[in-house]
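Residues per chain are reported as follows:
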Amino acid sequence: MENNLTSGNLLKTIISFSLPFLLSYFLQTLYGMADLFIIGQFNGVASTTAVSIGSQVMHMITVMIVGLAMGTTVTIGQAFGAKKEKDVSSAIGNTILLFFVLSIAATGILLLFVNSIVSIMSTPTEAVSETVSYLRICFIGIPFITAYNVLSSIFRGLGDSKSPMYFIAVACIVNIALDFYFIGCCRMGAVGAALGTTLSQTFSVIIALIVIWRTKRDLFFNRKHFHPNRRIMGTLLKIGIPVACQDGFIQIAFLVITVIANRRGLNDAAAVGIVEKIISILFLVNSTMLSTVSALCAQNIGAGKHKRAKQTLQYSILITSAFGLFAVVVMQLAPEPFIGLFTGNPNVISMGAQYMHGYVFDCILAGIHFCFSGYFCACGKSWISFVHNAAAIMCARIPLAYLASIHFPDTLFPMGLATSTGSLVSVIICVGFFLWLGKRTKKNIPKA
C-alpha cells in the first residue's frame, strides 16, 4: 500500500493524495461534534458543558500529538523517497518506541493534574464533577489516541493517505454507536461520551494493527528496528517538537482571543464562537494541503527532486488561494445564513457577520502560510514554522485583537481583521525564509 509520490503527473498526485486527507479531517470534525450533539439530546446543560470543556482540552492535546508526529511523516517520507528501506524501518521502530514512552508519561502527569486543569479552564461549579470524570477516562485512553495518530503519520510518510481515512471512518462510526448506547441507553452522561471516544479509538488502533500485520509486516515487526537510534530519534524530535509547540501556541492564542471576546459581552462572545466554528470547517482545506505538502515534498526531497518539491508548493498555494478566494466572496456577500445555522438571535447574527467580514480573508492568507509550513517541515526546517507563527501571534494577532476590542466596542470587524493581519505577517516571513533557503541551496550546488 506504499505509494511513490516522486513521479507521475504532479497535480493529479496532489489531488489524489489530498482528497483522503480532506475526508479524514472532515470525519475528525464530525467525530468531535457527535459527542456534543448526542449528549445534548439526552442530558442537561451540566453534562453538555463538561463534554464541551473536556473536548477542548483533548483537542489541544491531540493537536500537539499530531504536530509531534509530523517528524515521523517527514523522516519516513525522506527515507522512502531515497529508497533507504533500513532507515524507513528504523524510523518506524523509533517512532513507536518514542511515542509509547511519551504517551505513558503524559497519561500519568495529566491524571495527576486533572483537577488543576479543570480549575484553569474556569469550569462552572455544576459541571466540575462530570468534567473531571470525562477527562480522567480520556487521559487513560491517551496511549490509544497517540497510537492512532502515530500509525496514521507512518502510513502517510509511506505515501498512503487512504488507510488513515478508513481508520478514522471506523472510529467515527463506532463512536456514534457507543455514544447512543452509553449516553442514550445507559444514561451515563459525560462518562458515556468519554468511554465512547476512548473505546472507538482503541478499536480503530486494532484495525490499523491488523492492516499492518497483513500488508507492512516486514517494516514494523523486526526487533532490531526498535533499538533507539540517536540520529533518527534526533531527526524525529528536531522536526516534531517545533510543530507541536507551534500548534499548542496557536490553540492558546485562540483561547486568549475567546477570552477577549467574552469580556465584550454575551452576544459578542457567541458571535466569535460561531464564526470560529465556521472558519474551522473552511480551514480543513488549508490543513489538508499542509499535510499533503509535507508528505509529498519529503519524498521528493529524499529522492533529490527539489524542483518537483517546489512545484508541489506552488500548486498547493494555487489550490488553497483559489478555495480561499471562493470563501471570501461567499462570506462577504452572505455570511448571515451560515451563522444563522447556529443561532436565531439577530444581534448575534449581525455581530457574527461583522467578525466574518474581517476574518474570512484569513482563508487565503492562512492557506498560503500553511503550504509554506508543510514545505519547511519537509526540508527539516520546522523551526521556521514555529518562528513565523509565534511572530504572527505575539506581534499581530493577539495585540491587534485586544486593541480592536478596546477602540472599536460597537463592531467586531476590526477584531476579524486582526486575525487576518496575523496571517499576513506569517506570509511575509515565509516568503523571506523561502528565498533564503533558495539562495543557500544554490550556494551548496557544486559548480561544473
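Residues numbered from 1 in each chain as written. Predicted model: local features only at pLDDT ≥ 70, side-chain atom pairs only at ≥ 80, totals over all residues. Heavy atoms only, no water.

## Regarding the overall build of the chain
Test applied: Each helix is a run of H or I in the DSSP string that is no shorter than four residues. Each strand is a run of E no shorter than two, and both are numbered from the N terminus. We compute the radius of gyration from the C-alpha atoms alone; for a globule the expected value is 2.2 Å times N to the 0.38, where N is the number of residues. Residue burial is assigned from relative accessible area. The probe radius is 1.4 Å, only protein chains are included, and a residue is buried under 20% of its type maximum, exposed over 50%, and partly exposed in between. Positive charges are assigned to Lys and Arg, negative charges to Asp and Glu, while His and the chain termini are left out of the count. To locate a charge, take atom NZ for lysine, CZ for arginine, CG for aspartate or CD for glutamate.
When its secondary structure is counted, the chain shows 18 helices and zero strands. On C-alpha atoms alone, the chain measures out to a radius of gyration of 22 Å, which is about the 22 Å that the 2.2 N^0.38 rule sets for 448 residues. In the chain, which comprises 448 residues, the share counted as buried stands at 52%. Taking the average place of the 30 positive charges on the side chains of the chain and the average place of its 15 negative ones, the gap between the two points comes to 18 Å.

## Some thoughts on unusual backbone geometry
Residues other than glycine predominantly adopt negative phi, and peptide bonds predominantly adopt the trans conformation. Look at R187: it is not a glycine, yet its phi comes out positive at around 55 degrees. The residue R187 is located in the loop between α7 (162-185) and α8 (189-215) in this model.

## Some remarks on empty space enclosed by the protein
Spelled out, the test is: Two kinds of site are reported from a 1 Å grid over the protein atoms alone, namely cavities, where a 1.4 Å probe fits but cannot get out, and pockets, open sets with protein on both sides within 12 Å along at least five of seven lines, and residues are called lining when an atom falls within 4 Å of a point. Grid points are joined across faces, edges and corners, and a volume is the space filled by probe spheres set on the points. Here the nonpolar group is Ala, Val, Leu, Ile, Met, Phe, Trp, Tyr, Cys and Pro; Asp, Glu, Lys and Arg are the charged ones; every other residue, Gly included, is treated as polar.
One pass over the full model with this rule turns up one cavity of 30 Å³ or more. The calculated volume of the largest cavity comes to roughly 120 Å³. If you trace the largest cavity, you find it lined by F21, Y25, V66, A69, M70, T73, N149, S153, R156, S291 and S294. Secondary structure elements with two or more residues in the lining of the largest cavity: α1 (10-42), α2 (45-81), α6 (142-157) and α12 (284-302). By residue number, the principal contributor to the lining of the largest cavity is α2, which donates four residues. Tallied by class, the residues present in the lining of the largest cavity amount to five nonpolar, five polar and one charged.

## Examining the nonpolar core
Basically, it comes down to this: Nonpolar cores were defined as sets of buried Ala, Val, Leu, Ile, Met, Phe, Trp, Tyr and Cys residues, with membership established by side-chain atoms within 4.5 Å. Working rule for contacts: check all heavy atoms of both residues, and any pair within 4.5 Å makes them a contact.
Residues I279, Y355 and F376 are the most contacted members of the largest nonpolar core, which totals 65 residues. Here this core gets 11 residues from one element, more than from any other, and that element is helix α16 (residues 362-378). If we skip the residues at most four places from it in the chain, I279 touches M356, Y359, V360 and C363. Of all hydrophobic cores here, the second largest spans 24 residues; its members include I65, I117, I145 and A190.

## Focus: helix α5 (residues 128-140)
Stated precisely, the cut-off is as follows: Under the convention used throughout, the expected extent of a helix is 1.5 Å for every residue step, that is, one less than its residue count.
The end-to-end C-alpha distance of α5, which contains 13 residues, comes to 18 Å, matching closely the 18 Å that a straight helix rising 1.5 Å per residue would cover. Within α5 the residues assigned to the buried category are T131, V132, Y134, L135, I137, C138 and F139.

## So, α12
Between its first and last C-alpha atoms α12 spans 27 Å; for 19 residues at 1.5 Å apiece the expected length is 27 Å, and the two agree. For α12, a buried count of 17 out of 19 residues is recorded, marking the element as mostly surrounded by other parts of the structure. G304 occupies a position one or two residues after α12 and carries a positive phi of about 80 degrees.

## Overview of the packing of aromatic side chains
The condition is simple: Note on ring pairs: Phe, Tyr and Trp rings are taken, using the six-membered ring of Trp, and paired if centres are within 6.5 Å. Classes follow the plane angle, with under 30 degrees stacked, over 60 edge-to-face and the rest tilted.
For the coordinates displayed, the defined rule picks out 12 aromatic pairs. Residues Y181 and F182 carry aromatic rings whose centres are separated by 5.3 Å and whose planes lie at 65 degrees to one another, so their mutual orientation is edge-to-face. Judged by its relative accessible area of 46%, Y181 is partly exposed. With a centroid separation of 6.0 Å and 75 degrees between ring planes, the pair formed by F433 and W436 is classed as edge-to-face. A residue pair is termed a helical-turn pair when its members lie 3 or 4 positions apart in one helix, as F433 and W436 do in helix α18 (residues 413-444) at three residues. Members of the aromatic cluster, connected to one another through ring pairs, are F372, Y375, F376 and F434.

## Some points on the packing of α6 against α8
Formally: Whenever a helix is involved, its axis is fitted only over the stretch in contact; in every case the axis is a line through C-alpha atoms, and angles between N-to-C directions fall within 0 to 180 degrees. Definitions for this section: a left-handed crossing has its near helix turned counterclockwise from the far helix by less than a right angle. A right-handed crossing has that turn clockwise.
With their axes 8 Å apart at the nearest point, α6 and α8 run at an angle of 35 degrees to one another. In this structure, α6 meets α8 at a crossing whose hand is left-handed. Residues F144, I145, A147, Y148, L151 and F155 of α6 touch α8, and the partners they reach there are Q201, T202, S204, V205, A208, L209, V211 and I212. Looking at the contact of α6 with α8, its residues break down into 11 nonpolar, three polar and no charged.

## Description of the environment of A177
Secondary-structure assignment places A177 in helix α7. Distance from A177 to G196, taken between C-alpha atoms, is 8.1 Å for residues 19 residues apart in sequence.

## Topic: a nonpolar patch on the surface
Selection rule: Within the patch definition used here, like charges are joined within 9 Å and nonpolar side chains (Val, Leu, Ile, Met, Phe, Trp, Tyr) within 5 Å, considering only residues with over 30% relative accessible area and no salt bridge. Shrake-Rupley sampling with a 1.4 Å probe provides the accessible areas, and residues are treated as covered by the protein chains on show and by no other component. Each reported salt bridge corresponds to a side-chain nitrogen of Lys or Arg within 4 Å of a carboxyl oxygen of Asp or Glu.
Side chains of L11, I15, L19, Y315 and L318 sit close together on the surface and give an oily, nonpolar patch of about 450 Å² of accessible area. When residues of the nonpolar patch are traced back to their parent elements, those giving at least two are α1 and α13 (306-333). Per-element accounting of the nonpolar patch gives the leading share, three residues, to α1. Topologically, L11 is positioned in helix α1.

## A look at the packing of α12 against α16
To be explicit about the condition: Any angle that falls under 35 degrees is termed roughly parallel, while one over 145 is termed roughly antiparallel, one within 65 to 115 roughly perpendicular, and all others oblique.
Close contact between α12 and α16 brings their axes to 7 Å; oriented N to C, the two are set at 25 degrees. With respect to each other, α12 and α16 are oriented roughly parallel. Crossing geometry of α12 relative to α16 is assigned as right-handed. The segment α12 lies against α16, with N286, S287, M289, L290, V293, S294, C297, A298 and I301 engaging C363, A366, G367, F370, C371, S373, G374, Y375 and A378. Looking at the contact of α12 with α16 residue by residue, the classes come out as 12 nonpolar, six polar and no charged.

## Observations concerning the side chain of S321
Put simply, the rule reads: Any pair of N or O atoms that falls within 3.5 Å is considered a polar contact. Within protein, one atom must be able to donate a hydrogen and the other to accept it, and sequence-neighbouring residues count only if both atoms are side-chain atoms.
In this structure, S321 sits in helix α13. Within polar-contact distance, the side chain of S321 engages the backbone oxygen of I317 at 2.7 Å. When near neighbours in sequence (up to four residues on either side) are disregarded, S321 contacts I364 and I368.

## Section: the confidence of the model for the chain
The line we're drawing: A residue's pLDDT is the confidence the predictor assigns to it, expressed on a 0 to 100 scale.
Summary statistics for the chain give a mean pLDDT of 84 and a share of 93% for residues scoring 70 or more. The least confident element of the chain is helix α9 (residues 217-220), whose mean pLDDT is 58; the most confident is α13, at 93.

## Observations regarding the environment of R156
Mapping R156 onto the fold places it in helix α6. On the basis of relative accessibility, which here comes to 15%, the residue R156 falls in the buried class.

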